[in-house]
Amino acid sequence: MSDQAIVQSPEAPSPPPRDSRAQAIVDALAGRPIVLVGMMGSGKTAIGKRLAQRLALPFIDSDHEIENAHRLTVSEIFSTHGEAYFRDGERRVLARLIGEGQRIIATGGGAFINPQTRGLIHQHAVSIWLQADFEVLMRRVRKRPTRPLLQNPDPERVMRRLIDERYHIYAEADLTTQSRDAPHETLIAEILEALESHLAKQGEFPPDMSAPALPPATTHVCVKLGARAYDILIGPDLVGHAGEKLAQLAPGAGAFIVTDANVGGLWLAKLQASLDAAGVRHGHLVLPPGEATKDYAHFQELCEAALEARMERGDYLVALGGGVIGDLTGFAASCLRRGMGFVQIPTSLLSQVDSSVGGKTGINSGHGKNLIGAFHQPSLVLADTNTLATLPPREFAAGYAEVVKYGLIDRPDFFDWLETHWPAVFRRGPELDHAIAVSCESKAAVVARDETEQGDRALLNLGHTFGHALEKLVGYDSARLVHGEGVAIGMACAFRFSATQGLCRPEAAERVETHLRAVGLMTRIRQIPGWSAGADEIVAAMAQDKKVRRGALTFILARAIGQSFIARNVEPEAVRAFLDDELRAGV
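Let me begin by describing the structure that accompanies this report. Predicted model, so just to flag it, every value in this text is computed and none were measured.

1. A closer look at the overall build of the protein
Okay, step 1: The number of helices and strands found in the protein is 22 helices and 16 strands.
Okay, step 2: Oriented by its inertia axes, the alpha-carbon framework of the protein measures out at about 80 × 60 × 40 Å.
Okay, step 3: Evaluated residue by residue, the protein yields a buried proportion of 56% over its 587 residues.
Okay, step 4: When the accessible surface of the protein is summed, it comes to about 24000 Å², and 52% of that surface belongs to carbon and sulfur atoms.
Okay, step 5: Distance between charge centres in the protein, computed from 62 positive and 70 negative side chains, equals 2 Å.

2. As for the sheet that holds strand 9 (residues 282–287)
Okay, step 1: Taken in spatial order, the seven strands line up as 6-7-14-11-10-8-9 in an open sheet, and their pairing is mixed. The open sheet has two edge strands, strand 6 (219–223) and strand 9, and neither has a second partner. Pairwise comparison of adjacent strand axes, ignoring direction, gives a mean angle of 15 degrees for this sheet.
Okay, step 2: Of the strands in this sheet, strand 8 (255–260), strand 9, strand 10 (316–321) and strand 11 (341–346) are in contact with helix 11 (residues 261–277), which crosses strand 8 at around 160 degrees.

3. Focus on the packing of helix 19 (residues 483–500) against helix 20 (residues 506–518)
Okay, step 1: Two numbers describe how helix 19 lies on helix 20: the axes approach to 8 Å, and their chain directions differ by 165 degrees. The angle between helix 19 and helix 20 falls in the class roughly antiparallel. Helix-helix and strand crossings are classified by hand; for helix 19 and helix 20 the assignment is left-handed. Contact residues: helix 19 offers Ala488, Met491, Ala492, Phe495, Arg496 and Ala499, while helix 20 offers Pro506, Ala508, Ala509, Val512, Glu513 and Leu516.
Okay, step 2: Its residues placed into classes, the contact of helix 19 with helix 20 shows ten nonpolar, no polar and two charged.

4. Things to note about the pattern of salt bridges
Okay, step 1: All told, the structure shown has 37 salt bridges when counted by the stated rule.
Okay, step 2: Between Arg103 and Glu100 there is a salt bridge, with the nearest N and O atoms lying 3.2 Å from each other.
Okay, step 3: Taken together, the shared-partner salt bridges in this structure form one network comprising Asp164, Arg496, Glu513, Arg517, Arg524 and Glu582.

5. What to know about unusual backbone geometry
Okay, step 1: One non-glycine residue with positive phi stands out, namely Asp237, at about 60 degrees.
Okay, step 2: By relative accessible area, Asp237 is classed as partly exposed at 25%.
Okay, step 3: Its identity as a non-glycine residue notwithstanding, Arg338 has a phi of 60 degrees, on the positive side.
Okay, step 4: What makes Arg338 exposed here is its relative accessible area of 78%.

6. Some details on helix 18 (residues 464–473)
Okay, step 1: For helix 18, a buried count of eight out of ten residues is recorded, marking the element as mostly surrounded by other parts of the structure.
Okay, step 2: Residues of helix 18 that are buried include every one of His464, Thr465, Phe466, Gly467, His468, Ala469, Leu470 and Glu471, and no others.
Okay, step 3: After helix 18 finishes, the residue Gly475 shows a positive phi value of roughly 70 degrees.

7. With respect to helix 2 (residues 44–55)
Okay, step 1: Compared with an ideal rise of 1.5 Å per residue, which puts twelve residues at 16 Å, helix 2 spans 16 Å between its outermost C-alpha atoms and is within 8% of the ideal.
Okay, step 2: When helix 2 is considered as a whole, its buried residues turn out to be Lys44, Ile47, Gly48, Leu51, Ala52 and Leu55. Taken around the axis of helix 2, the buried residues stretch over an arc of 135 degrees, which confines them to a single face.
Okay, step 3: On its buried face, helix 2 is in contact with helix 1 (20–29), strand 1 (34–37), strand 2 (59–61), strand 3 (104–106), strand 4 (126–131) and helix 9 (184–200).
Okay, step 4: Ala56 sits one or two positions beyond helix 2 and adopts a positive phi of about 55 degrees.

8. Examining the packing of aromatic side chains
Okay, step 1: In this structure the tally under the stated criterion is 13 aromatic pairs.
Okay, step 2: Note on Tyr400 and Phe426: the rings are 5.1 Å apart at their centroids and 65 degrees apart in plane angle, and the pair reads as edge-to-face. Here the residue Tyr400 occupies a position in helix 15 (residues 393–410), and Phe426 occupies one in helix 16 (residues 412–426), the gap between them amounting to 26 residues. Accessibility assignment for this pair places Tyr400 and Phe426 in one class, buried.
Okay, step 3: Consider the rings of Phe466 and Phe578, whose centres lie 6.1 Å apart with planes at 65 degrees: the pair is edge-to-face. Taken together, the positions of Phe466 in helix 18 and Phe578 in helix 22 (residues 572–585) put the pair 112 residues apart, joining distant regions of the chain.

9. Observations regarding the side chain of Ser564
Okay, step 1: Here Ser564 is to be found in strand 16 (residues 563–570).
Okay, step 2: Judged by its relative accessible area of 12%, Ser564 falls in the buried class.
Okay, step 3: At a separation of 3.0 Å, a polar atom in the side chain of Ser564 contacts the main-chain carbonyl oxygen of Leu408.
Okay, step 4: When near neighbours in sequence (up to four residues on either side) are disregarded, Ser564 contacts Leu408, Ile409, Leu459, Leu462, Ile556, Leu557 and Ala558.

10. Concerning the environment of Lys143
Okay, step 1: Position of Lys143 relative to the elements: it lies in the loop between helix 7 (134–141) and helix 8 (155–170).
Okay, step 2: Of the residues examined, Lys143 reaches a relative accessible area of 70% and is grouped as exposed.
Okay, step 3: A C-alpha to C-alpha distance of 9.5 Å links Lys143 and Gly41, two positions 102 residues apart in sequence.

11. With respect to the pairing of strand 15 (residues 553–560)
Okay, step 1: A large share of strand 15 lies buried, amounting to six of its eight residues.
Okay, step 2: By the bridge criterion, six bridges tie strand 15 to strand 16 in an arrangement that is antiparallel. Among the inter-strand pairings, Leu553 is bridged to a residue of strand 16, identified as Val570.
Okay, step 3: Connecting strand 15 to the next strand, strand 16, in antiparallel fashion are two residues, including Gly562 with a positive phi near 85 degrees.

12. Quick word on the sheet that holds strand 3
Okay, step 1: Strand order in the open sheet made by the five strands is 2-3-1-4-5, with parallel pairing throughout. Sheet topology places strand 2 and strand 5 (175–178) at the edges, where each strand pairs with a single neighbour. If you compare each strand with its neighbour and ignore which way they point, the axes differ by 25 degrees on average.
Okay, step 2: Judged from the three bridges that link them, strand 2 and strand 3 form a sheet pairing that is parallel. Each bridged residue has a counterpart across the sheet, and for Phe59 the counterpart in strand 3 is Ile104.

Reading the values: rules and limits
Residues numbered from 1 in each chain as written. Predicted model: local features only at pLDDT ≥ 70, side-chain atom pairs only at ≥ 80, totals over all residues. Heavy atoms only, no water. Helix = DSSP H or I, 4+ residues; strand = E, 2+ residues; numbered from the N terminus. Buried < 20%, exposed > 50% of the residue type's maximum accessible area, 1.4 Å probe, protein only. Areas by Shrake-Rupley, 256 points an atom, 1.4 Å probe, with all protein chains shown as cover. Lys, Arg positive; Asp, Glu negative; His and termini not counted. Charge placed at Lys NZ, Arg CZ, Asp CG, Glu CD. Pairing = 2+ DSSP bridges. Axes fitted to C-alpha atoms, helices over the stretch in contact; angles between N-to-C directions. Contact = heavy atoms within 4.5 Å. Parallel < 35°, antiparallel > 145°, perpendicular 65-115°, else oblique. Left-handed = near helix turned anticlockwise from the far one by under 90°. Nonpolar A, V, L, I, M, F, W, Y, C, P; charged D, E, K, R; others polar. Salt bridge = Lys/Arg side-chain N within 4 Å of Asp/Glu carboxyl O. Expected span 1.5 Å × (residues − 1). Arc of directions from axis to C-beta. Phe/Tyr/Trp six-rings, centres within 6.5 Å; stacked < 30°, edge-to-face > 60°. Polar contact = N/O pair within 3.5 Å; in protein donor to acceptor, adjacent residues only side chain to side chain.

Structure (structure tokens):
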């Protein structure tokens, strides 16, 4: 697509006068355009025209601009020149449109996926993602069969693939609104309200809109276990204050830091400096990253290194890392000198909301995950939210699965909140701190009621019976499946299985799957790279699950979102038949 082929937009007619509300919004935009992003069928053109009319701004459809320049439809450009050619021209057209001043711009479904275009929009516009569920999108696009990316024998599969690939990127937009089958006036009213709230906060946020200009106050959650009660602190820069926190906890005690090569390269020096400033003597061990480190060999290496450093019973092991490091370090603390104290400094979202809280520690066996371990509570948990800024997107999404879990167990209000606010959570905004705090409060309450999983603590294993079996069958290969991804698939399976057994409505299972897919998580077994195991192998792997009682399988199933329950003596044949159907269904 040549530069010469792009023509200038025709002069737009003078817009009608604005009312005071519209004028306030336009003034707050300070010359920036509003860019609508989202999937084909999300309503960008229809809603964009009405939003432009409401704000008395010009409306431009970028696809129409491209079509007018070429005197070809988008489908014809795709078929004649290819998608790469179209995307390059689309990028340059949008650069021009954004630079031409205030307007409402509807973009093609793939435009925001381009990193250069996305960066330009972030810098010079306000972006709104029109998020729509799968069924809504398919119902709409079937009315317009010329969409080039759906010229395929299985358009539903293509749509699901595009949702998986794109939704976690669309979530980077400044605002998200639900595009649904409602009157356009209702949707416009919701967009205006969201714009007013967003623009009103401009003075409180730096230009990237990703974090408060001033760090929020540290949140405090207490795990109430009588004399063994401990605090969870959630907030920024807790690694830098860990030394003083440990000195307050146990004056004169030493610390032995356990971390992995990835986390250590980012945060070990800061933690050591904090301990030095507080006068805490310390040693450290750096282990390889990944689930494979949770084994006998590295457990022995850790114990020997701590003893070599002359750590005493009154000293503390300090786990600086994700769930693997926390589980391994906690188990070593339970055994060394017949019980040492330990402090959790979780650096992944998964460990901050789940594995660092509650005292489950352990290592893996060839027979299954976490089969060797002990309940050993930490003395303190420091969830430094700054560490999540360096977390890779895949690991962040995997940790988010554990956040969703709490809503599905018994907090339907939290799940509702996540459906609306997850894009802000993924942008690491203040909503992230809230999500971590609610998750920790939920888990702390369960642990206080049932510390050693004799009763309802088992609910925290929602998705884990399926997930642990899947992890075992891929050999704990994190390149193929990490724990949170296994949990996401497991939760989706648990709800679909519940639906097949008549326990919950199919719509609940679809809602869970839609949300997990929206954030970029897998929800189907066949989505695991290189998957080849059959139903019999999965059931056999489940037989080693820690919840098995006298050979009977135990699952966490659901009657609705927020109404999970412990299902004992589940018939293996019912599970096997369900898994056969799941594997036949593919992705």
